[in-house]
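# What the coordinates show
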Amino acid sequence: MPVQAQEQSSEASTDDENVIVVSGIRGTIQNSIEEKRISTEVFDALSAEEIGDIPALSIGEALETLTGAGSHREQGGATEISIRGLGPFLGSTVINGRIASNGSGDRSVNFSQFPSELFNKIGIYKTQAASYIEGGVAGQIALETVRPLDYSKRRFQGNFKLNINPDNLDIDADQRFQKFGYRATASYIDQFQLGDAELGISLGYSRNKTSNPEQEANVSNTIRACVIDPTDSDQGIFDTDNCDTNADTVNGLRDGSVTEDFVIARNSYSFRSNITDDERDSFFGAIQFKPSPDVDINADFQYSKRLFREQRSDLNFAEGRRIDGPGDPNRIDLPLIFTETGALRQFTNEQRIEAVSEYLERDEEYYGGGLSLDAQVTDRVKISLDVSYSRTQRVEEAVQIRFRTEDGESIFGNTDGDGNPFFPEAFESNDVPNAGRTNGEDDRVETATLIRQNGSQALNFITQNFDVTDHSLFANDPRLRADLEQDRFNSVWAFRGDVEYEMEGFFSSLQAGARYQQLRYRDVPGASGASRFQNNYNDTDSTGALAVANQECRTSFPETGFLSSVSGGNPLITNIDLDGNVISTSNTFATFDALCIAQVLEREDPSGLEFDEDGVPIFPTGDFDSIQNTDVTERSWALYGQANFETDWGNLPVRGNVGLRVVGTDVISRGFQAGLVVEADPVSGDFTLSQSGNLVPRQTKSSYTEFLPSLNLIAEFRPDLQGRFAVYRSLSRPDPSSLGDGRIFNLNNDDFVTAEEAIANGIDTITATGNPATNPLLSWNIDAGVEWYPNEDTILAVNAYYKSFDGGFEVNGFFENFNINGVDRSLLVSSVNTNEDSSTIYGVEVTAAHRLSWLPKPLDGLGFKISYNYADSNFEFEDDTLGAITSLNDDSTTSTNNGLIVPSNLFGFSKHVLSAQAYYEIGPFDFQGVYKYRSNYFQQFVSTPGRVRYVDDVSVFEARASFKLNNNVKFTIEGINLFNEPRTNFRGAPDDFGAIQVYGPRYFAGVQFKF
């Protein structure tokens, strides 16, 4: 019996009494079950007959309800997707069958860029066929927009959703970007008869304007091992300065020759109040033309422009490495607490405190589209042609201003009304304070830092006689940075041609095809060198630029209830006197308006910084050359042959496909290296090798060819029971951003007797900024499963999978020719490449859905769907600082020192991923609740991918309800993160706190019109 998802919210008879029409949540789940059943490959999907009816607020939220898919959440919403425990870098995404560009520097897609309302099908292919575009060891995410003639009816639809974010309502009305947000979507589909020809058009527009504020407690990402040795005051925590430990001692900790304990120190600890504004406009259009029943021409276009803004206010405790050793006579009287891994839980120190104000903008624009032709040229032969192009440009800019503490002073001078410093300064362990502690000579404050103590999930601080809410105490070092943080460009154009020949017998058809793609990627280094404007302004007491900006640009603390959901009832900051008595407690701190500060500082002490008509600084552009630039052209081609079969093996119906895809890739990477010159000292006559200040362009080419066989087999044991088996080889290419070709020379600046000696010995090391010859990651994969489909509402499917892949990266060296002062030299270059070690991942996924139609009315409208994935892997990823360190020897071999912290697993790997849905339909009402769980996983940093960061287990609950007034009007209410689940990160060691972000719940109330 055919089942279609239509606009009716419950079962209803049509003119054909044998057809039942189903829609709503139940209809979507029915479509999902049917898509999985008929697919030759292992495939999970959400599909709706009507655009805008996919039951999710975003593509990411929708994808993570599919079996095996887990999301990474930013600003409270699902963004990157991991499939079956493999990170997004091992997956690929296609929009209408085409690879899409992105602004991240990798091959994943930021799904928040696209509105779910303009797609009618979202799915994940977990096994490969030869006819599919290569690129997904983990799987391939497929997004599809509607084809207007296939839709076969005229439709105008409008959708408006009001966004209410309780955390945004807690923000001061004068400081938030807006009170309420909204999502508005309009679409139009129509068909026209042009003689014997048919023409269909589809147009869609979406505007999204929301606020997703964050409350954060953060720890800086740099980690260092600090030894605890009371006999050594020159290093470790008993050093009176930073606790940095020398390389010999750290190596001793690694090899076991040093047996003292150590702690993992961080540069800084901070609170952040983050006010955001997210504005996105999207347009999708399609034309479908059939001049005859045998010819189908489709053109489609997608456009998205996103402007994201943040106002950040930080309280930064800036010198976290100045840790007091036990017994320090001048510390706050609290013990040092740390875990077995060295993760700090409590320490005291003296440090500067900073008020940091920042304004950030990210502007991202995407457009893509293509033209395709499908033609049935004979009864047996069908050809398909497709050409496509997409491009993304992402630019991120930020202005940050820092005010610091200074010498017990306020902005008005160095004494209070009694002639004493405004706060008693800190003293190192070897200093002797007087009775009033008024004889200090630095800018620091005695503090204690408590990390996840006393029931808190975040940070708590104790300060000695320092009031963090007093704006005037931030009176030093007004440093402004106006940074171009990102400027990334990515484009993809591709052409493919396919032919299919229908047959009779064992093979039902033969397919063959070719595809060509050219990818371009460019970026420049952010927040450094030519991409940074930096200036320190005048901070003269009372009259300097800092004093004026400090008074003119103060703001009230932006929000109420800051971090109250994770503080365990403890005050965030406690201020005590010299005897340890509590003076005051606070959950707020002094904040300033970043744009106001920038304008006032520049007005009072001009430095050349200019502003646009909105008062935003004019930032450096990305139009410059540097050694860290990336400029990559990747050309790839593929040829494939595939045989599809559908037959009986005895009494057992079987179907499937077998094929081979051959893939070739050529990479051209353009970069720079510093010019080198030999300089002679006019006095001594010695020679030194130095950098000339000029950049020398360079270019590297590389290529590889791989063979990717595949087999997919389905056996129908009974009409309601089928088994699956698949074996295939898959490929994932390295991220474009890792293919740079710059060379960094580390010179020793030694003096040599001759120029030849300077050329021969003046370079210590050469480091590559990337590796254009990085090999692809290859995997052999096996899938097997059994699926039971007793009726349209029910599925029980169990699939097991195994992957053996080359998935790691390692330091390697190679010799390269360099011309220095006309002399050719072969020198060793340090780089990174895919290693040859094989790792494995295995797992099992379960999908179960059922409608409880056997219950008495009205309970027969209840139903559920459960998706669960378990995975395990022996992969190991070492942290680039405290993990096992591989060093390059002079002969290009490598040596490895033991790690101080345990390695992580695959990027994006979670052992457990669960999505559990319950729904209920009764008359015009439709209800759904979704619980999503993902166990902890390794999430790389974008700018420093070698650093290990764990995201803790996360549970999120969302719910939605709808009421269909009639066939034309439907009202909806939705909520995500209803229980205010924060996101907690750990850095390095699995228990070493890195950050916690609180997003709060978000609610949407909407109305949908269909005509």
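I will try to describe carefully the structure that is included in this document. (Residues numbered from 1 in each chain as written. Predicted model: local features only at pLDDT ≥ 70, side-chain atom pairs only at ≥ 80, totals over all residues. Heavy atoms only, no water.)

### Remarks on the nonpolar core
Core analysis: the largest hydrophobic core is formed by 65 residues, its most contacted members being Ile237, Phe271, Leu315, Ile323, Ile401 and Leu459. Setting aside anything within four residues of it in sequence, one finds Phe271 in contact with Glu216, Ala217, Ser313, Asp314, Leu315, Leu459, Phe461, Phe562, Leu563, Leu572, Ile573 and Phe589. Ranked by size, the runner-up nonpolar core spans 42 residues in total, among them Ala56, Ile95, Val137 and Leu906. (Core = buried A, V, L, I, M, F, W, Y, C linked by side-chain atoms within 4.5 Å. Buried < 20%, exposed > 50% of the residue type's maximum accessible area, 1.4 Å probe, protein only. Contact = heavy atoms within 4.5 Å.)

### A few points about unusual backbone geometry
With omega at 0°, the peptide bond leading from Lys857 into Pro858 counts as cis. Summarising the element assignment, Pro858 is placed in the loop between strand E42 (839-851) and strand E43 (862-873). Phi at Asp477 is positive, roughly 50°, even though this residue is not glycine. Here Asp477 is to be found in strand E25 (residues 476-502). The exposure class assigned to Asp477 is partly exposed, which follows from its relative accessible area of 23%. (Helix = DSSP H or I, 4+ residues; strand = E, 2+ residues; numbered from the N terminus.)

### Digging into helix H7 (residues 594-604)
Buried within H7 are the following residues: Ala594, Leu595, Ile597, Ala598, Val600, Leu601 and Glu602. Elements in contact with the buried residues of H7: strand E21 (353-376), strand E22 (381-404), E25, helix H6 (545-552) and strand E31 (591-592). The residue sitting at the N-terminus of H7 and contributing the capping side-chain oxygen is Asp593; that oxygen lies 3.1 Å from the backbone nitrogen of Leu595. (Polar contact = N/O pair within 3.5 Å; in protein donor to acceptor, adjacent residues only side chain to side chain.)

### A short note on the state of the cysteines
Using the criterion set out here, one finds 2 disulfides in the structure. Between the sulfur atoms of Cys226 and its disulfide partner Cys243 the distance amounts to 2.0 Å. When the S-S torsion is 60°, as for the bridge of Cys226 with Cys243, the disulfide is right-handed. Within this pair, whereas Cys226 is found in strand E15 (residues 223-227), its partner Cys243 is found in the loop between E15 and helix H5 (247-255), the two being separated by 17 residues in sequence. In this structure, Cys226 and Cys243 share a single accessibility class: buried. For Cys553, the disulfide goes to Cys596, at an S-S distance of 2.1 Å. (Disulfide = S-S within 2.5 Å.)

### Some details on the sheet that holds strand E20 (residues 344-351)
Read across the sheet, 6 strands follow the order E19-E20-E23-E24-E29-E30 without closing on themselves; strand pairing throughout is mixed. Edge positions in the sheet fall to strand E19 (337-338) and strand E30 (582-586), since each of these pairs with one other strand and no more. As paired strands, strand E29 (residues 573-576) and E30 are joined by 4 bridges and run antiparallel to one another. Paired with Ile573 across the bridge in E30 is Ser586. (Pairing = 2+ DSSP bridges.)

### Focus: H6
Here H6 lies mainly inside the structure; 6 of its 8 residues are buried. Among the residues making up H6, those that are buried are Ala545, Leu546, Ala547, Val548, Ala549 and Asn550. Considering only its buried residues, H6 is in contact with E22, E25, strand E28 (554-555), E31 and H7.

### Here's the deal with the packing of aromatic side chains
Aromatic rings considered in pairs are described by the distance between their centres and by the relative angle of their planes. Here the structure, examined in full by the defined rule, presents 25 aromatic pairs. Where Phe745 meets Phe818, the ring centres are 5.5 Å apart and the plane angle is 75°; that geometry is what we call edge-to-face. Here Phe745 is found in strand E36 (residues 743-747), whereas its partner Phe818 is found in strand E40 (residues 809-820), with 73 residues between them in sequence. Phe818 carries the same exposure label as Phe745, and that label is buried. Here the aromatic rings of Phe877 and Phe938 are separated by 4.9 Å at their centres, their planes lie at 40°, and the arrangement is tilted. Of the two residues, Phe877 sits in the loop between E43 and strand E44 (885-888) while Phe938 sits in strand E48 (residues 937-938), which places them 61 residues apart along the sequence. Among the aromatic residues, those joined into a ring-pair cluster are Phe271, Phe317, Phe461, Phe557, Phe562 and Phe589. (Phe/Tyr/Trp six-rings, centres within 6.5 Å; stacked < 30°, edge-to-face > 60°.)

### Quick word on the sheet that holds strand E4 (residues 43-47)
Sheet architecture is open: 5 strands sit in the order E4-E9-E10-E7-E8, paired in mixed fashion. The sheet is open, and its two edges are formed by E4 and strand E8 (98-99), each paired on a single side. With 2 bridges joining them, strand E7 (residues 91-95) and E8 adopt antiparallel strand pairing. The partner of Ile95 across the bridge, within E8, is Arg98. Sitting on the sheet, helix H1 (residues 24-38) is in contact with E4 and strand E9 (121-125), with an inclination near 150° to E4. (Axes fitted to C-alpha atoms, helices over the stretch in contact; angles between N-to-C directions.)

### So, the pairing of E22
Pairing analysis gives 23 bridges linking E21 to E22, with the strands arranged antiparallel. Residue Gly370 lies in a different strand from E22, and its bridge partner there is Ser388. Adjacent in sequence and paired antiparallel, E21 and E22 are bridged by 4 residues. In this sheet, E25 lies alongside E22 in antiparallel orientation, the contact comprising 23 bridges. Among the inter-strand pairings, Asp386 is bridged to a residue of E25, identified as Arg496.

### Observations regarding the pattern of salt bridges
Scanning the entire structure with this criterion turns up 62 salt bridges. Its salt-bridge partner being Lys932, residue Glu64 comes within 2.9 Å of it at the nearest N-O pair. Here Glu64 is found in the loop between helix H2 (59-63) and strand E5 (69-74), whereas its partner Lys932 is found in strand E47 (residues 925-934), with 868 residues between them in sequence. Take Glu64 and Lys932: they sit in the same class, and that class is buried. In this structure, Arg724 engages Glu787 in a salt bridge whose closest nitrogen and oxygen atoms are separated by 2.6 Å. In this pair, Arg724 is assigned in strand E35 (residues 721-732) and Glu787 in strand E38 (residues 777-791), connecting sequence segments 63 residues apart. You'll find Arg724 and Glu787 in the same group, each marked buried. (Salt bridge = Lys/Arg side-chain N within 4 Å of Asp/Glu carboxyl O.)

### So, the pairing of E43
Bridge analysis of E42 against E43 gives 11 bridges, and the strand direction is antiparallel. Looking at E43, one finds that Val844 is bridged to Tyr870. Here 9 bridges tie E43 to strand E46 (residues 912-922), and the two strands are oriented antiparallel to one another. Paired with Phe864 across the two strands is Ala918, which belongs to E46.

### Considerations on the environment of Phe533
Summarising the element assignment, Phe533 is placed in strand E27 (residues 532-536). Assessed through its relative accessible area of 22%, Phe533 is described here as partly exposed. Sequence-wise, Phe533 and Leu344 are 189 residues apart; in three dimensions their C-alpha atoms are separated by 35 Å. When sequence neighbours within four positions are dropped, the list of residues in contact with Phe533 reads Leu480, Arg481, Ala482, Asp483, Ser607, Leu609 and Pro620.

### Considering empty space enclosed by the protein
Evaluation of the coordinates by the stated rule reveals 17 cavities of 30 Å³ or more. In this model, the second largest cavity occupies a volume close to 200 Å³. The wall of the second largest cavity is formed by 19 residues, among which Ser92, Ile99, Arg107, Gln517 and Leu519 lie closest to the centre. Listed by contribution, the elements that provide at least two residues to the lining of the second largest cavity are E7, E25 and strand E26 (507-523). In terms of residue class, the lining of the second largest cavity is built from 5 nonpolar, 8 polar and 6 charged. (1 Å grid on protein atoms, 1.4 Å probe; cavity = no way out; pocket = protein on both sides within 12 Å on 5 of 7 lines; lining within 4 Å. Points joined across faces, edges and corners; volume = space filled by probe spheres on them. Nonpolar A, V, L, I, M, F, W, Y, C, P; charged D, E, K, R; others polar.)

### Some points on the side chain of Arg655
Position of Arg655 relative to the elements: it lies in strand E33 (residues 652-680). No salt bridge is formed by the buried Arg655; its nearest oppositely charged neighbour, Glu646, is found at 5.5 Å. Reaching out from Arg655, the side chain makes a polar contact with the backbone oxygen of Ile38 at a distance of 3.2 Å. Apart from the residues within four sequence positions on either side, Arg655 is in contact with Arg37, Ile38, Ser39, Thr40, Phe645, Glu646, Asn712, Leu713, Ile714 and Gln722. (Lys, Arg positive; Asp, Glu negative; His and termini not counted.)

### As for a nonpolar patch on the surface
Nonpolar side chains collect at one region of the surface, where Leu371, Leu385, Val387, Tyr389, Trp493 and Phe495 lie side by side and expose about 510 Å² of accessible area between them. Take the nonpolar patch: its biggest share by element is 3 residues, from E22. Within the secondary structure, Val387 sits in strand E22. (Patch = residues over 30% accessible without salt bridge, like charges linked within 9 Å, V, L, I, M, F, W, Y side chains within 5 Å. Areas by Shrake-Rupley, 256 points an atom, 1.4 Å probe, with all protein chains shown as cover.)

### Things to note about the packing of H6 against H7
Remark: H6 packs on H7, axes separated minimally by 9 Å, with the N-to-C direction vectors making an angle of 145°. Regarding H6 and H7, the two cross each other, and that crossing is right-handed. For the pair H6 and H7, contact is made by Ala545, Leu546, Val548, Ala549 and Glu552 and by Cys596, Ile597, Val600, Leu601, Arg603 and Glu604, respectively. Residue classes in the contact of H6 with H7 are distributed as 8 nonpolar, no polar and 3 charged. (Left-handed = near helix turned anticlockwise from the far one by under 90°.)

### Some details on the environment of Ala995
Following the sequence through the fold, Ala995 ends up in strand E53 (residues 993-998). For Ala995, a relative accessible area of 5% corresponds to the buried category. With 726 residues separating them along the chain, Ala995 and Tyr269 place their C-alpha atoms 9.4 Å apart. Once residues lying within four places of it in the same chain are set aside, the contact partners of Ala995 are Ala217, Asn218, Arg983, Thr984 and Asn985.

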